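Observations on the three-dimensional arrangement
One letter stands for each residue in the lines below.
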Amino acid sequence: MKTSNAPLAEKMRPKSLENFIGQEHISDKNSLIRRALEKDTLFSMILWGPPGCGKTSLAKIIASKTSSAFFEFSAVLSGVKQIREVIEKAEKNINAGNKRSVLFVDEIHRFNKAQQDAFLPHVESGLITLIGATTQNPSFEIIPPLLSRCRVITLNPLSADSLKNILKKALYDSTTGFGEKNIEFEKKALRYIANISEGDARFALNTLEAAVLNYAEEKKEITLKELEKILTKKSFLYDKSGEQHYNLISAFHKSLRGSDPDAALYWLVRMLKSGEDPLYIGRRMVRFASEDIGNADPNALNISLAAVEAYRFLGSPEGELALAQAAIYLGSAPKSAGIYAAFNNATDTVNKSGSLPVPMHIRNAPTMLMKNLGYGKNYKYPYNFKNAHVAENYLPDQLKNNIFYFPTTRGYEKIIKDRLDKWREFKKKQD
């Protein structure tokens, strides 16, 4: 085994597409990248995927196979100065022998707009072929002009089976792995590492290395029980301002809307475990109570508000149970988008019709002058009529008889619908 001090994850990087495990859509013999490497027709690309899925490894494989000059740096440690230096070298290569240059930029989303702009003319002219790697959604983090000049290559989180194969290779490979140590892992132990790594090969290999270094001198087989003593689970993949934030809250909202309280509870826990602000989740539930339940169950809004207040009072972790209670209630409640649709209908009408005058009979008349002008004249006081209801027009004359709210027949809204149907029919007969 090599005596390099590099971490196991670094030593185990695949050197070819044949050994590039878990991304078959990239390593397959008919894949776009393989064909580009075989024909040396490399193109600018953005490698997008979660941590430890193989973005840097793929870039290094490309570097070893291309006939172009290859440069690389990380956006975390570099800036426009480094970009200019690469451009100067690329221009010298072109002038010297028409040799193309490939630039790999890790964490490219860390570059701001101005820094990303610096690539544009050189990618467009073909002076450099850009390969950027990012964990963030390129649609949000890469400026559109640069994104339009690159192909986005998506790398997926590695499956547990792929991670297990990578771990076995590291365990038995005598050249770059721990083959010479003749150490074994209980089957359940390797599976445990693969499962807790959540698609991250770097985390899996670092975990394997920690276990071997802790137990290699004491025994030849490491059990699951021993692993659990020294290891902690990988932190949940999450970015409060990035795509994961929106994906999880979307999954939560759609689970509530789909009346699946079990799925809603799962996504709630995922967000809480990932460090999402519980009050943000609470605010979304308050909104949901009006948008997706409304008058089908008016108590949903009260439950949501009470959950937010309970969390403010108790904090974490005690207050999280109130959020869970609200999520289960909302997921189990009858659904109606009637309030949401009614509000949008009214908004659309206001936008189109402008500031129409208030009908004279429902204007307030606090002064004699206003009474003399007809403010409030012929107003019908509902309590003077049977059932406290009177057929009257309360909209501007131009919008007379417009209807914005169409209640459903679900939950309490059915009672509202029956009542409004009677009132509206009564009003038609009086007109």
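Note that this is a predicted model, so its numbers are computed, not measured.

Observations regarding the side chain of Lys164
- Counting through the fold element by element, Lys164 comes out in helix H10 (residues 160–172).
- The buried charged residue Lys164 lacks any salt bridge, with Asp161 as its nearest oppositely charged partner at 6.3 Å.
- Apart from the residues within four sequence positions on either side, Lys164 is in contact with Leu190, Arg191 and Ala194.

Notes on the pattern of salt bridges
- Overall, the coordinates contain 16 salt bridges when judged by the stated rule.
- Across the pair Glu72 and Lys60 runs a salt bridge whose closest N-O atoms are separated by 3.5 Å. Of this pair, Glu72 sits in strand E2 (residues 69–74) while Lys60 sits in helix H4 (residues 55–65), and the two are 12 residues apart along the sequence.
- For Glu72, a relative accessible area of 44% translates into the label partly exposed.
- The partner of Asp292 in a salt bridge is Arg257, with the nearest N and O atoms 2.7 Å apart. Remark: Arg257 occurs in helix H14 (residues 243–257) and Asp292 occurs in helix H16 (residues 278–293); sequence separation between them is 35 residues.

Brief notes about the sheet that holds E2
- Across the sheet, which stays open at both edges, the 5 strands sit in the order E2-E3-E4-E1-E5 with parallel pairing between neighbours. If you trace the sheet from one side to the other, it starts and ends with E2 and strand E5 (151–154), each paired once. Direction aside, the axes of adjacent strands within the sheet are offset by 20 degrees on average.
- Pairing geometry for strand E1 (residues 45–48) and E5, over 4 bridges, is parallel. Its bridge partner lying in E5, Trp48 is registered against Thr154.

Quick word on the pairing of E2
- Across the two faces of E2 the burial differs, with Ala69, Phe71 and Phe73 buried and Phe70, Glu72 and Ser74 not buried at all.
- Alignment of E2 against strand E3 (residues 101–106), held across 6 bridges, turns out to be parallel. Along E3, the bridge assignment pairs Phe70 with Val102.

Thoughts on the nonpolar core
- In terms of nonpolar packing, the biggest core is built from 29 residues, with Phe185, Leu205, Leu208 and Leu227 touching the most fellow members.
- At the level of elements, helix H1 (8–11), H10, helix H11 (187–196), helix H12 (201–215) and helix H13 (224–230) are the ones that each hand at least two residues to this core.
- At 7 residues, the largest contribution of residues to this core is made by H12.

Thoughts on unusual backbone geometry
- Each neighbour pair has its own omega, and for Ser316 with Pro317 the value is 0 degrees, a cis peptide bond.
- Considering the arrangement of structural elements, one finds Pro317 in the loop between helix H17 (299–314) and helix H18 (320–332).
- The phi angle at Glu107 is positive, at roughly 55 degrees, despite the residue not being glycine.
- Relative to the assigned elements, Glu107 resides in the loop between E3 and helix H6 (113–117).
- Not every positive phi belongs to a glycine, and Asn182 is a case in point at roughly 50 degrees.
- The exposed category is assigned to Asn182, whose relative accessible area is 57%.

Some remarks on the packing of aromatic side chains
- The tally for this structure, following the rule as stated, stands at 4 aromatic pairs.
- Ring plane angle 45 degrees and centroid distance 5.9 Å describe the contact between Phe111 and Phe119, whose orientation is recorded as tilted. Phe119 shares its class with Phe111; the two are buried.
- With a centroid separation of 4.8 Å and 75 degrees between ring planes, the pair formed by Tyr266 and Trp267 is classed as edge-to-face.
- Judged by relative accessible area, Tyr266 falls into the partly exposed class, the value being 45%.
- For Trp267, a relative accessible area of 23% corresponds to the partly exposed category.
- An aromatic cluster of at least three residues, connected via ring pairs, comprises Phe73, Phe111 and Phe119.
- Taking NZ or CZ as reference, Arg151 lies 5.0 Å from the ring centre of Phe43, over its face.

Considering the pairing of E3
- Burial analysis of E3 places 5 of its 6 residues in the buried class, which makes it a mostly covered element.
- Pairing of E3 with strand E4 (residues 128–134), which is carried by 6 bridges, proceeds in the parallel orientation. The residue bridging Val105 from the neighbouring strand is Gly132, located in E4.

Some words on the packing of helix H15 (residues 261–273) against H18
- Remark: H15 packs on H18, axes separated minimally by 8 Å, with the N-to-C direction vectors making an angle of 150 degrees. With respect to H18, the axis of H15 lies roughly antiparallel. Our pair here, H15 against H18, has a crossing hand that is right-handed. Residues Pro261, Leu265, Leu268 and Leu272 of H15 form the contact with H18, whose own contacting residues are Glu320, Leu323, Ala324, Ala327, Ile328, Gly331 and Ser332.
- The class makeup of the residues in the contact of H15 with H18 is 8 nonpolar, 2 polar and 1 charged.

What counts and what doesn't
- Residues numbered from 1 in each chain as written.
- Predicted model: local features only at pLDDT ≥ 70, side-chain atom pairs only at ≥ 80, totals over all residues.
- Heavy atoms only, no water.
- Helix = DSSP H or I, 4+ residues; strand = E, 2+ residues; numbered from the N terminus.
- Buried < 20%, exposed > 50% of the residue type's maximum accessible area, 1.4 Å probe, protein only.
- Lys, Arg positive; Asp, Glu negative; His and termini not counted.
- Salt bridge = Lys/Arg side-chain N within 4 Å of Asp/Glu carboxyl O.
- Contact = heavy atoms within 4.5 Å.
- Pairing = 2+ DSSP bridges.
- Axes fitted to C-alpha atoms, helices over the stretch in contact; angles between N-to-C directions.
- Core = buried A, V, L, I, M, F, W, Y, C linked by side-chain atoms within 4.5 Å.
- Phe/Tyr/Trp six-rings, centres within 6.5 Å; stacked < 30°, edge-to-face > 60°.
- Lys NZ or Arg CZ within 6 Å of the ring centre and 35° of its normal.
- Parallel < 35°, antiparallel > 145°, perpendicular 65-115°, else oblique.
- Left-handed = near helix turned anticlockwise from the far one by under 90°.
- Nonpolar A, V, L, I, M, F, W, Y, C, P; charged D, E, K, R; others polar.

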